[in-house]
Amino acid sequence: MRLAVIGLGRMGANIARRLMRGGHEVVAFDRNGPLIEAIATEGAIAASSLEAVAANLASPRIFWVMLPAGPPTEETIQALTRLADPGDIIIDGGNSFYKDDIRRARELSQKGLRYLDVGTSGGVWGLDRGYCLMIGGDEASVAHLDPIFATLAPGLGAVPRTPDRLAQDGKDPRAEQGYVHAGPAGAGHFVKMVHNGIEYGLMQAYAEGFEILKRRMSDSLPQDERFDLNLADVAEVWRRGSVISSWLLDLTAAALAKDPMLSQFSGRVADSHEGQWTIEAAMEEAVPVNVLSAALFARYRSREAQTFADQVLSAMRFGFGGHAEAPR
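Quick look at the structure, then. Every chain is numbered independently, its residues counted from 1 as its sequence is written. Given that the model is predicted, a residue must reach a pLDDT of at least 70 before its local features are reported, and side-chain atom pairs must reach 80 or more before they are shown or counted; all residues, however, enter totals for whole chains, interfaces and linings. Hydrogen atoms and water are omitted, and side-chain values are computed over all heavy atoms in the structure.

Strands are runs of DSSP state E lasting at least two residues, helices are runs of H or I lasting at least four, and both sets are numbered from the N terminus onward. Of the regular secondary structure elements, the protein chain holds 16 helices and eight strands. Computed over its C-alpha atoms, the radius of gyration of the protein chain comes to 22 Å, within 12% of the 20 Å expected for a compact globule of 328 residues. In terms of overall dimensions, the protein chain has C-alpha extents of about 75 × 50 × 40 Å along its principal axes. Throughout, exposure labels follow a simple rule: accessible area from a 1.4 Å probe, protein chains only, divided by the maximum for the residue type, with under 20% read as buried, over 50% as exposed, and the rest as partly exposed. Looking at the protein chain as a whole, 48% of its 328 residues qualify as buried. Two residues qualify as a contact provided that any one of their heavy atoms is within 4.5 Å of a heavy atom in the partner residue. Put simply, of all contacts in the protein chain between residues at least 6 apart along the chain, 67% involve residues at least 24 apart. Roughly 15800 Å² of accessible area belongs to the protein chain as shown, and the carbon and sulfur atoms make up 56% of that amount. For the radius of gyration, the atom set is restricted to C-alpha positions; the globular benchmark scales as 2.2 Å times the number of residues to the power 0.38. Areas reported here follow the Shrake-Rupley algorithm with a probe of radius 1.4 Å; residue values treat only the protein chains shown as occluding.

The salt bridge definition used is simple: a Lys or Arg side-chain nitrogen within 4 Å of an Asp or Glu carboxyl oxygen. Counted by the stated rule, this structure contains 22 salt bridges. The residue Arg103 makes a salt bridge to Glu74 at a minimum N-O spacing of 3.0 Å. With Arg103 in helix H5 (residues 98-109) and Glu74 in helix H4 (residues 71-83), this pair connects stretches of sequence that are 29 residues apart. When the shortest N-O distance is used, the salt bridge between Glu236 and Arg239 registers 3.0 Å. With a gap of three residues between them, Glu236 and Arg239 both fall in helix H12 (residues 231-239), about one helical turn apart. With a relative accessible area of 27%, Glu236 lands in the partly exposed category.

What follows concerns the nonpolar core. Ranked by size, the top nonpolar core spans 52 residues in total, and within it Ile6, Val53, Phe63, Trp64 and Phe149 carry the most contacts. The greatest single-element share of this core, amounting to five residues, is contributed by helix H1 (residues 10-21). The residues contacting Val53, other than those within four sequence positions of it, are Ala4, Ile6, Val27, Phe29, Ala47 and Phe63. Residues belong to one nonpolar core when they are buried, are Ala, Val, Leu, Ile, Met, Phe, Trp, Tyr or Cys, and are joined through side-chain atoms within 4.5 Å. Membership of the second largest hydrophobic core comes to 25 residues, among which are Phe210, Ala235, Ala255 and Phe308.

It is worth spelling out the packing of aromatic side chains at this point. Note on ring pairs: Phe, Tyr and Trp rings are taken, using the six-membered ring of Trp, and paired if centres are within 6.5 Å. Classes follow the plane angle, with under 30 degrees stacked, over 60 edge-to-face and the rest tilted. What the rule picks out here adds up to nine aromatic pairs. With a centroid separation of 4.8 Å and 80 degrees between ring planes, the pair formed by Tyr98 and Phe190 is classed as edge-to-face. In this pair, Tyr98 is assigned in helix H5 and Phe190 in helix H11 (residues 187-215), connecting sequence segments 92 residues apart. Exposure remark for Tyr98: the relative accessible area of 12% places this residue in the buried category. Under the relative-accessibility criterion, Phe190 is labelled partly exposed at 25%. A cation over a ring is seen here: Lys214 above Phe308, with NZ or CZ 5.3 Å from the ring centre. Definition used: whenever NZ (Lys) or CZ (Arg) falls within 6 Å of the ring centre and also within 35 degrees of the ring normal, the charge is taken to sit over that ring.

Structurally, Thr151 is set in helix H8 (residues 146-152). Filtering out sequence-adjacent residues up to four positions away, Thr151 remains in contact with Arg18, Leu19, Gly22 and His24.

On to the sheet that holds strand E7 (residues 132-136). Reading across the sheet, the eight strands line up as E3-E2-E1-E4-E5-E6-E7-E8 and stay open at both edges, with mixed pairing between neighbours. The open sheet is flanked by strand E3 (45-46) and strand E8 (179-183), the only strands paired with a single partner. Being paired, for any two strands, means DSSP has found at least two bridges between them. Note that E7 and E8 share four bridges and pair parallel. Bridge pairing in E8 links Met134 to Val180. Sitting on the sheet, H1 touches strand E1 (2-6), strand E2 (25-29), strand E4 (62-65) and strand E6 (114-121), and the angle it makes with E1 is about 165 degrees. Every angle, taken between N-to-C directions, lies between 0 and 180 degrees, and every axis is a line fitted to C-alpha atoms, over only the stretch in contact when it is a helix.

Purely geometric numbers; function is a separate question.
Following this line, the structure appears as structure tokens:
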């Protein structure tokens, strides 16, 4: 298929690359000209403007927007709405608020346009590992774009299959491949939002655990209660056969192996909107989210005073997404 990828940052460029590796044609655009030039050398069709993007696509045109949530995405989608023809499809693959997706889908449908929200997880590793995709929108559009989603998704890979899924008929086979049609417009980003909220909690648990381990080495403790722990070795052994093994722990182990004190990180932990939005949704639904809310507030606190736990959080965020720490 031929589609446009608009936004060639860390994830957008790698999405374009993975699509091209899978045999799709990509029309690439970004406000940063050198990013367009770089991806064009790898086979993408360079476009110097959104108008040029539209001109290089055939009906029904497919526009995949991969930009930060908020004004960059909103303004781009509005501009595409003016350029698009009935039947064209606009995809938001960023981390927009799900209620914005519901509004956009309604507005675009009045003009005969189709809109999908695709929660995309995979970070800077997605080019090789594939992207977990959580899709919201109408069934016909999702089915039309299935070759694109199948190319981006990880596939079965080495993950063990879930026995009960194999024993039951009627299960959506796409979920095993790493992508799923979550529901109508907004559902994709809603599922991804909660995914990111859970991510906050998991990361905070690891960070606090390593903080406890590190403080057990303190000179302030009685000598016979003080342990000279090798945190890199602890992280490594936990990766292998432990019930708390995970990709986040893999990233922690890699960071500690490189620098046991994580000295390159200050521990000023940034947050995206999804953690806050998840808690707001929980409040609307009267769901207690003790862990998730504490994890979000810990990030706020890290901008005032930093601990080793905060450095562990920063290391994980950099490991999976290349995320910079919060500015001072």
